[in-house]
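# Reading the structure
The lines below spell out each chain.
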Amino acid sequence: KLLLWQKYAITRALELGPDGKLLWETLVLTISRQQGKSVWARAMAWWRIHQAERFGEEQLVLHTSNLSSNSREVWLPAARKAQAQYGKDAAKFGKGSEEILVPDGRWLIQAASENTGVGFSVTQPLVDEAWNVQADVYEEALMPTTAEREQPQTLMLSTAGDSSSTLLSDYREQALSDTAARAACCCSSGRARQ
């Protein structure tokens, strides 16, 4: 069962633009510990791996974090659900080869490194604990894997981190700047928008 903030965040994440496509390519979610971030990430990834028909292609969620054990904690309940719904072969549990495989989608776990996502074409990069993932892991390894996909969407999730969290702080600052620009634009035209 989703909390109110989780429902709101999912609704905002899946907003469509005037062209009928996902409005947001990158989502940055920062929230304090033990508030339901993992449940939100699991819901978003589970939804995405079931959307091949909507996007016109097989879906691939690639989940990485500062420690692969953190990714596994989010992934594990979904793996059990996949097995209950699709049979025991719907999930693989070997360390380093964790995967959920449903009829038109997959959810993989990879360690955060300079090779994250290399060789894959990813529809939803999921960067968990982004405060402790190096910017080049995302920008040089994982982000390019989305180039040929239809409506890719990156989820960046984290607690606040610290001043050394360059990936998180850079994207968070960009998001805040974009929000301020949109608000200024909308307010100057006489329309309020949140």
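As the structure is a computational prediction, the values presented were derived from the model and not from experiment.

Calculation notes
Residues numbered from 1 in each chain as written. Predicted model: local features only at pLDDT ≥ 70, side-chain atom pairs only at ≥ 80, totals over all residues. Heavy atoms only, no water. Phe/Tyr/Trp six-rings, centres within 6.5 Å; stacked < 30°, edge-to-face > 60°. Buried < 20%, exposed > 50% of the residue type's maximum accessible area, 1.4 Å probe, protein only. Lys NZ or Arg CZ within 6 Å of the ring centre and 35° of its normal. Helix = DSSP H or I, 4+ residues; strand = E, 2+ residues; numbered from the N terminus. Contact = heavy atoms within 4.5 Å. Salt bridge = Lys/Arg side-chain N within 4 Å of Asp/Glu carboxyl O.

Considering all chains together, one arrives at two aromatic pairs under this definition. The interplanar angle of 90 degrees and the centroid separation of 6.1 Å between the aromatic rings of Trp47 and Phe55 together place this pair among those described as edge-to-face. Residue class for Trp47 comes out partly exposed when judged on its relative accessible area of 24%. When the ring centre of Phe55 is taken as reference, the NZ or CZ atom of Arg48 above it lies at 4.0 Å.

Moving on: unusual backbone geometry. You will see that Gln151, though not glycine, has its phi angle at about 55 degrees, which is positive. Looking at the element boundaries, Gln151 is found in the loop between helix H5 (135-142) and strand E7 (154-158).

What follows concerns the side chain of Ser65. Inspection of the secondary structure assignment puts Ser65 in strand E2 (residues 59-65). Not counting residues up to four positions away in its chain, the partners in contact with Ser65 are Asn70, Ser71, Gln110, Ala112, Asp128 and Val133.

So, about the pattern of salt bridges. Opposite charge on two side chains permits pairing when their charged atoms draw close. As enumerated under the stated definition, the model contains ten salt bridges in all. Arg12 is the partner of Glu15 in a salt bridge, and the nearest nitrogen-oxygen pair spans 3.1 Å. Look at Glu15 and you get partly exposed, because its relative accessible area is 25%. Asp89 is the salt-bridge partner of Lys88, the closest N and O atoms lying 3.7 Å from each other. The burial state of Lys88 is the same as that of Asp89; both residues are exposed. Three or more residues joined by partner-sharing salt bridges are found here, namely Glu58, Lys92, Glu99 and Arg106.

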